[in-house]
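Here are the chains, one letter per residue:
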Amino acid sequence: MAFTFNPLWKTLIDRNMTKEDLRLGIKTSPSTIAKMGKNEYVSLDVIDRICNYLDCEISDVIEHVK
């Protein structure tokens, strides 16, 4: 079981945004964006900031893959 950030990348594409736009918007480090790109763990705080910044649901950010 794992989580993927594929919904987030699709959301960014749909909104014509880059990963850098997101990084600056949520005030996080490049390494955090890199971790998400590798589907690695990031804190719920980061996910919360993404949801608030993009005004979206958590399902628009992460997905559970069996």
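Cut-offs applied
- Residues numbered from 1 in each chain as written.
- Predicted model: local features only at pLDDT ≥ 70, side-chain atom pairs only at ≥ 80, totals over all residues.
- Heavy atoms only, no water.
- Core = buried A, V, L, I, M, F, W, Y, C linked by side-chain atoms within 4.5 Å.
- Buried < 20%, exposed > 50% of the residue type's maximum accessible area, 1.4 Å probe, protein only.
- Helix = DSSP H or I, 4+ residues; strand = E, 2+ residues; numbered from the N terminus.
- Contact = heavy atoms within 4.5 Å.
- Disulfide = S-S within 2.5 Å.

*Asks:* How should the nonpolar core be read in this particular structure?
*Replies:* Side chains that are nonpolar tend, in soluble globular proteins, to be buried together. In this structure, Phe5, Leu8, Leu22, Met36, Ile50, Leu54 and Val61 are the most contacted members of the largest nonpolar core, which totals 17 residues. Residue contributions to this core peak at 5 residues, all from helix H4 (residues 44-54). Leave out the neighbours within four places in its chain, and phenylalanine 5 touches Met36, Asn39, Glu40, Val42, Val61 and Ile62.

*Asks:* I keep staring at unusual backbone geometry and nothing clicks. Help me out?
*Replies:* Leave glycine aside and you will find that most residues have negative phi; peptide bonds, for their part, are mostly trans. We note that lysine 27 has phi near 55 degrees; this positive angle belongs to a residue other than glycine. Here lysine 27 is to be found in the loop between helix H2 (19-26) and helix H3 (30-37). Phi at asparagine 39 is positive, roughly 55 degrees, even though this residue is not glycine. In this fold, asparagine 39 is placed in the loop between H3 and H4.

*Asks:* Would you mind showing me how to read the state of the cysteines here?
*Replies:* Disulfides are covalent bonds that link the sulfur atoms of two cysteine residues. Evaluation of the coordinates by the stated rule reveals 0 disulfides. Left unpaired, cysteine 51 is separated from the closest cysteine sulfur, that of cysteine 56, by 4.6 Å.

*Asks:* I'm lost on the environment of histidine 64 in this one. Help?
*Replies:* You can see histidine 64 is positioned in strand E2 (residues 63-65). Considered as a pair, histidine 64 and alanine 2 are 62 residues apart in the sequence and their alpha carbons are 5.9 Å apart.

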